[in-house]
Amino acid sequence: MKPLQMVDTKTQYHKIKKEVDAAVIEVMESSMFIGGKVVSEFAENLAKYHGSKHCIPCANGTDALQIAMMALDLQPGDEVIVPSFTYIATVEVAGLLRVKPVFVEVDRRSFCIDPAVIEKAITPKTKAIVPVHLYGQAADMEKIMAIAATHKLFVIEDNAQAIGCDYTFSNGTVKKTGSIGHIGCTSFYPPKISALLATAVPCLPMTMPWQPN
Ligand SMILES: Cc1ncc(COP(=O)(O)O)c(C=O)c1O
């Protein structure tokens, strides 16, 4: 029996080989191995794509999540609400900062955090909600942002698996996932959907539409 190849990065690469090779050589020739023009342009383009004010490239999606929690000044003993079904990075960064992850069940159809259960998990120590847009499907951001506004909580979107996903609000407004909460984090790990965008730099698009007390 022929083994199933779940992630075929070789075929993906060969489809866009010319572009990728030229981009790699451009970076080597410029010798800008950290930051530089290519990374700035990438950040600008990704921010524009998301309609976000800022985009901060960092090493990977896990770092992006940790930096987001640090940027929001989450302290040991604070609590963050996370879905009970996600990739480990969403939760391990909280553990690393000694922030307590409080697990909330996911919706059976979307596999994303169930807003109907979030409020029951909120305590005086809760500082943030971390919805994860899993398998290219958006969490119910309208309800999540309303809960966050009521309780003055930050929202950090884990958009590692859903870059490019559109979320439609009840009034018809459409926004990219990762640009709705206070900070959105994404990943360019090769098997991710984002890898199809043919870039190798991870980033953290940041937006601050309102500031909880
Ligand atoms: C939901 C989710 N969050 C975070 C990450 C972490 O991203 P990275 O592998 O770039 O550190 C991943 C991917 O591995 C993920 O699937």
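Residues numbered from 1 in each chain as written. Predicted model: local features only at pLDDT ≥ 70, side-chain atom pairs only at ≥ 80, totals over all residues.

Here the focus is the overall build of the protein chain. For the protein chain, the count of helices and strands is 7 helices and 9 strands. For the protein chain, whose C-alpha radius of gyration is 18 Å, the value lies close to the compact-globule estimate of 17 Å for 213 residues. By principal-axis analysis of the C-alpha atoms, the protein chain measures approximately 55 × 45 × 40 Å. Within the protein chain, contacts between residues separated by at least 24 positions form 65% of all contacts whose residues are at least 6 apart in sequence. (Helix = DSSP H or I, 4+ residues; strand = E, 2+ residues; numbered from the N terminus. Rg over C-alpha atoms; globule rule 2.2 N^0.38 Å. Contact = placed C-beta atoms within 7 Å.)

Quick look at the site of the ligand now. Around the ligand sit 14 residues in total, of which G61, T62, Y87, A160 and S187 are the nearest. Going through the elements one at a time, α4 (61–71) and α5 (89–96) are the ones with two or more residues in the shell around the ligand. (Near = placed C-beta within 6 Å.)

Formed by 39 residues in total, the largest nonpolar core has its most connected members in A128, I129, V155 and I156. Taken together, the elements giving at least two residues each to this core come down to α4, β2 (79–83), α5, β4 (126–129), α7 (141–151), β5 (154–158) and β8 (183–185). Setting aside its immediate chain neighbours within four residues, V155 contacts A128, I129, P131, I144, M145, A148, G181 and H182. (Core = buried A, V, L, I, M, F, W, Y, C linked by C-beta atoms within 7 Å. Buried ≥ 20, exposed ≤ 12 C-beta atoms within 10 Å, placed from the backbone.)

All right, on to helix α3 (residues 36–50) then. With 15 residues, α3 should cover 21 Å at 1.5 Å per step; its first-to-last C-alpha distance of 21 Å lies within 8% of that length. Following α3 by one or two positions, G51 adopts a phi angle in the positive range, close to 65°. (Expected span 1.5 Å × (residues − 1).)

Counting all residues, the mean pLDDT for the protein chain is 89, and 90% of those residues have values of 70 or more. Low pLDDT (under 50) marks residues 194–213, which in the prediction has 64 contacts with non-local residues, meaning those over four places away or in another chain. (pLDDT = per-residue confidence, 0-100.)

Now for the packing of α4 against α5. Where α4 contacts α5, the axes come no closer than 9 Å and their chain directions differ by 45°. In terms of orientation, α4 and α5 fall into the oblique class. With respect to the hand of their crossing, α4 and α5 are arranged in right-handed fashion. The segment α4 lies against α5, with G61, T62, L65, Q66 and M69 engaging A89, T90, V93, A94 and L96. (Axes fitted to C-alpha atoms, helices over the stretch in contact; angles between N-to-C directions. Parallel < 35°, antiparallel > 145°, perpendicular 65-115°, else oblique. Left-handed = near helix turned anticlockwise from the far one by under 90°.)

The next point concerns the pairing of strand β3 (residues 100–104). Note that β2 and β3 share 5 bridges and pair parallel. The residue bridging P83 from the neighbouring strand is V104, located in β3. Note on the crossover from β2 through α5 to β3: the handedness is right-handed. (Pairing = 2+ DSSP bridges. Right-handed = clockwise from strand over helix to strand, strands pointing away.)

Taken together, the buried positions of α5 are occupied by A89, T90, V91, V93 and A94. In this structure, the buried side of α5 is in contact with α4, β2, β3 and β5. Directly beyond the C-terminal end of α5, a positive phi value near 60° is found at R98.

Sheet topology places β2 next to β4; 3 bridges connect them, and they run parallel. Considered in β4, the bridge of I81 is made with I129. Judged from the 2 bridges that link them, β4 and β5 form a sheet pairing that is parallel. From the neighbouring strand, A128 faces β5, where its bridge partner is F154. Crossover β4 to β5 through α7 is right-handed.

What follows concerns the environment of V7. Tracing the sequence through the fold places V7 in the segment before α1 (9–15). Residue V7 is classed as exposed on the basis of its C-beta count, with 12 C-beta atoms lying within 10 Å. With 23 residues separating them in the primary sequence, V7 and S30 have C-alpha atoms 32 Å apart.

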